[in-house]
Amino acid sequence: GSTNNTNNIEGDYDFVGMEAYTQSTVRVITSSQTVETHTESYYITKNNSGTMTITSNQLIGNNIAYSIDTTMNVKTIVDNVLFDDSDFPYVTSSPASSSTSPYVRVSSDSITVTGAIGVATDPSGTLPTGPVGTKLSWSGDTLLLKINTTFSQTVTQGGVPGQITGSVNGVTKLKKH
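Residues numbered from 1 in each chain as written. Predicted model: local features only at pLDDT ≥ 70, side-chain atom pairs only at ≥ 80, totals over all residues. Heavy atoms only, no water.

Q: Would you mind going over the overall build of the protein chain in detail, with residue names and values included?
A: A count of helices and strands for the protein chain gives zero helices and nine strands. The buried share among the 177 residues of the protein chain stands at 39%. Contacts in the protein chain between residues at least 24 apart in sequence constitute 60% of all its contacts with a sequence separation of at least 6. Surface summary for the protein chain: the accessible area is close to 9200 Å², and the carbon and sulfur share equals 50%. (Helix = DSSP H or I, 4+ residues; strand = E, 2+ residues; numbered from the N terminus. Buried < 20%, exposed > 50% of the residue type's maximum accessible area, 1.4 Å probe, protein only. Contact = heavy atoms within 4.5 Å. Areas by Shrake-Rupley, 256 points an atom, 1.4 Å probe, with all protein chains shown as cover.)

What follows is the structure, encoded as C-alpha cells:
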C-alpha cells in the first residue's frame with residue numbers, strides 16, 4: 001500500500017511535465033470599434049527535465065525545463081462579428097530555470113502558491129502573478145498539482161488601452177524519488 005497522502009508532500013521529485021488548457025481574451029475599444037481576440041490552447045509539455053524539492057512552505061524548482069509544440073486557435077471579433085478564425089502553431093521552449101515559490105497550506109489537499117512554479121503559461125505570455133490555489137492529489141508515485149485560475153490586467157496595444165482576461169486550467173506532475 002502507498003503511504004503517499006496529500007497531508008505530507010515534502011520530499012524530492014522529478015518534474016515530469018505539465019498539461020494545460022488555456023484561454024485568453026484581449027479587448028480593445030477605440031472610438032470607432034471594439035476588437036476582441038480570443039485565444040485557446042491545449043498542450044502537454046515535452047522534453048521535461050529538472051527536479052523539485054518541496055519543503056514545509058516552499059516549492060524549490062531546480063533546472064526545470066520543458067517545451068510546448070501544439071496549435072492555438074485565435075478568433076478575431078470586430079464589433080461582435082467574427083472577422084477571422086485561424087489556427088497557429090504554438091511552439092515554445094522554456095530553458096532550464098530554478099526558482100523558489102512559497103506556499104501556504106489551506107487544507108489537507110490544497111495549498112496556495114505564490115510565484116511561477118506550477119503555473120502553466122498562456123500563449124499570450126501572461127501568467128497569473130498573485131497567489132494561486134492548487135489542489136493536491138496522487139496518481140501512484142506522482143504528485144499532481146492542479147490549478148484552475150483566472151487573471152485580468154490592463155494592456156496597451158498600439159497606444160490604445162485594452163483589457164486582457166484569461167484562465168489557465170492545468171496540472172503539474174512531479175514523480176517522487
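Q: Can you tell me about the side chain of Ser-41, naming the residues and giving the values?
A: Mapped onto the elements of the fold, Ser-41 is located in strand β2 (residues 34–44). The buried category is assigned to Ser-41, whose relative accessible area is 2%. One polar contact links Ser-41 to Thr-22, side chain to side chain, over a distance of 2.7 Å. (Polar contact = N/O pair within 3.5 Å; in protein donor to acceptor, adjacent residues only side chain to side chain.)

Q: Could you give me a rundown of the pairing of strand β4 (residues 58–78), with the residues and numbers involved?
A: Where β2 lies against β4, seven bridges are found, and the strand directions are antiparallel. Residue pairing across strands places Glu-36 opposite Ile-77, the latter belonging to β4. As judged from the 18 bridges shared by β4 and strand β5 (residues 81–107), these two strands associate in the antiparallel manner. Counted as the bridge partner of Thr-71 is Pro-89 from β5. Hairpin connection from β4 to β5: two residues lie between these consecutive antiparallel strands, with Asp-79 at a positive phi of about 50°. (Pairing = 2+ DSSP bridges.)

Q: Break down the packing of aromatic side chains for me, citing the residues and quoting the values.
A: Evaluation of the coordinates by the stated rule reveals three aromatic pairs. When the ring of Phe-15 is compared with that of Tyr-66, the centres are 6.1 Å apart and the planes differ by 50°; the resulting orientation is tilted. Residue Phe-15 is found in strand β1 (residues 11–29), and its partner Tyr-66 is found in strand β4; the two are separated by 51 residues along the sequence. (Phe/Tyr/Trp six-rings, centres within 6.5 Å; stacked < 30°, edge-to-face > 60°.)

Q: Quick one: what's the story with a nonpolar patch on the surface, residue by residue and with numbers?
A: On the surface, Tyr-21, Tyr-42 and Ile-44 cluster together into a nonpolar patch covering about 280 Å² of accessible area. Within the secondary structure layout, Tyr-21 lies in strand β1. (Patch = residues over 30% accessible without salt bridge, like charges linked within 9 Å, V, L, I, M, F, W, Y side chains within 5 Å. Salt bridge = Lys/Arg side-chain N within 4 Å of Asp/Glu carboxyl O.)

Q: Would you mind going over the pairing of strand β8 (residues 142–157) in detail, with residue names and values included?
A: In regular strands, side chains alternate between the two faces of the sheet. Where strand β7 (residues 132–139) lies against β8, six bridges are found, and the strand directions are antiparallel. Bridging across to β8, Thr-134 finds its partner in Ile-147. The hairpin formed by β7 and β8 contains two residues between the paired strands, and Gly-140 there has a positive phi angle of roughly 65°. Taken together, the 16 bridges between β8 and strand β9 (residues 160–176) define a ladder with antiparallel strand orientation. Bridging across to β9, Thr-150 finds its partner in Ser-167. Connecting β8 to the next strand, β9, in antiparallel fashion are two residues, including Gly-158 with a positive phi near 60°.

All we've got here are geometric facts, nothing functional implied.
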